[in-house]
Amino acid sequence: LYLALFIVAPVPRPSRGSEKGYKTILPDGERSGVKQLPCWIDPWNAKKQLARRKGVPLNPKDQMEEAEVFMSVVVPAYNEEKRLGGMLEEAVDFLQREYGDAHSTPEKSQSKGRNNTTKAARRGWEILVVSDGSTDGTVDQALNFAREHQLSQYPVPVPGPRTPHPTHSTHIPHGSIRVITLEENRGKGGAVTHGMRHVRGQYAVFADADGASRFEDLAKLVEGCQSIEDKAGRGVAIGSRAHLVGSEAVVKRSKLRNFLMHSFHLLLRLMTPPATSSIKDTQCGFKLFSRAALPFIIPYMHCEGWIFDVEMLMLAESANIAMIEVAIGWKEVLGSKLNVIWDSLGMAWGLAILRASWAFGVYRRD
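The structure displayed is predicted, hence computed values, not measured ones.

So, the overall build of the protein chain: which residues are in play, and what are the values?
In terms of helices and strands, the protein chain carries 11 helices and nine strands. Burial analysis of the protein chain (366 residues in total) assigns 52% to the buried set. Of all intrachain contacts in the protein chain linking residues separated by at least 6 positions in sequence, the fraction that spans at least 24 positions is 80%.

In structure tokens, the structure reads:
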């Protein structure tokens, strides 16, 4: 059984040299050349190897470099030329209003949240668009959006899922949108994991490029995460659509899709450990991680397909990181890449391989 699992268990593709860089829009409106991405995981690996050679555990204070901005948003995008602009419009409107420019003067207010984070510390944001081997104009769409919203004080607004007739748009700081291009498609999990290796934020969230999740609910995820963080600052907040079951958005789905959804949830309850199995919606593409939680999850990821969300939650559970499910707004958006039947079967197979590989030691924390 171990040998069979060893053969079929997925192994993530290593990042290639060109994928460790990004493009952005310069202050003069020109596209930058490929710039080197910051990467917290490389110094983390070096410190871990040094601690191992000395025969001592890694000092918790050495787990992560200091954050440069408050919020990092990772957007996996595969051929999302048509839907990406609307999602970005709604995202930057909230991010700029809530967190502002990292280089601007913060508000005088020093009111504190549940984790004693002052408003002065809640400054700055970035969006990492990870083009997952796209063959359409996804990269151009992201960079053109950034140029328009950086150069103009009153950019032309892009219609989004919740704003089909927008009346205003948001000027954004230069360099706040970074575009990473993967040479070939890795899958949503591979794109998210790659982006998470390069985040600079105190918190990092991944969000689907279709804009199905209501972006303003990010504030609820932050609040939820802060309410459960341990002394090391580790926590995970999971956007959830479970409260929508029975609503018009779900009822209108085909009977086949609803049947497969309930069947998958049953498999999750049977095959995953307690904390993960108690999550009512593991597949919503809107999950937030505190920076301190990332080293316990991202370096050990294997799944690059649809089931990667479950592996993230299982890894958080195995590291005793608290998780909280937060109800968010969500709506169906046309253009999904999901093949209901084949991808559902693939997710079931992937879940079985994932659980068995961790249970029998094919996967392990080194």
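Could you give an account of the sheet that holds strand β3 (residues 69-77), with specific residues and numbers?
One open sheet holds the seven strands; their spatial order is β5-β4-β3-β6-β8-β7-β9, and the pairing between them is mixed. The two strands at the open ends of the sheet, each matched to only one other strand, are β5 (177-182) and β9 (323-327). Here the strands of the sheet are splayed against their neighbours by 20 degrees on average, with no regard to which way each runs. The pairing of β3 with strand β4 (residues 125-132) spans seven bridges and is parallel. The residue bridging Ser72 from the neighbouring strand is Glu126, located in β4. Sheet strands touched by helix α4 (residues 138-151): β3, β4 and β5. Its angle to β5, the strand with the most contacts, is close to 170 degrees.

Account for the layout of surface pockets, naming residues and giving values.
Approximately 490 Å³ is the volume found for the second largest pocket. Taken together, 27 residues line the second largest pocket, and the ones lying closest to its centre are Val11, Pro12, Arg197, Met301 and His302. Mapped onto the lining of the second largest pocket, the elements with two or more residues apiece are α2 (41-54) and α5 (188-196). In terms of residue class, the lining of the second largest pocket is built from 13 nonpolar, seven polar and seven charged.

Just give me the short version of the pairing of β4, but keep the residues and values in it.
Of all eight residues in β4, eight are buried, a share of seventy percent or more. By the alternation rule, side chains of β4 split into Trp125, Ile127, Val129 and Ser131 and Glu126, Leu128, Val130 and Asp132, which are all buried. As paired strands, β4 and β5 are joined by six bridges and run parallel to one another. In the strand pairing of β5, Val130 is matched with Ile180. Tracing the backbone out of β4, into α4 and back to the parallel element β5 gives a crossover that is right-handed.

Explain the confidence of the model for the protein chain residue by residue, including any values.
Residue-level pLDDT values for the protein chain average 89, and 90% of them are 70 or greater. Below pLDDT 50 for its whole length, residues 106-120 participates in 21 contacts with residues either more than four positions away or in separate chains.

Analysis parameters
Residues numbered from 1 in each chain as written. Predicted model: local features only at pLDDT ≥ 70, side-chain atom pairs only at ≥ 80, totals over all residues. Heavy atoms only, no water. Helix = DSSP H or I, 4+ residues; strand = E, 2+ residues; numbered from the N terminus. Buried < 20%, exposed > 50% of the residue type's maximum accessible area, 1.4 Å probe, protein only. Contact = heavy atoms within 4.5 Å. Pairing = 2+ DSSP bridges. Axes fitted to C-alpha atoms, helices over the stretch in contact; angles between N-to-C directions. 1 Å grid on protein atoms, 1.4 Å probe; cavity = no way out; pocket = protein on both sides within 12 Å on 5 of 7 lines; lining within 4 Å. Points joined across faces, edges and corners; volume = space filled by probe spheres on them. Nonpolar A, V, L, I, M, F, W, Y, C, P; charged D, E, K, R; others polar. Right-handed = clockwise from strand over helix to strand, strands pointing away. pLDDT = per-residue confidence, 0-100.

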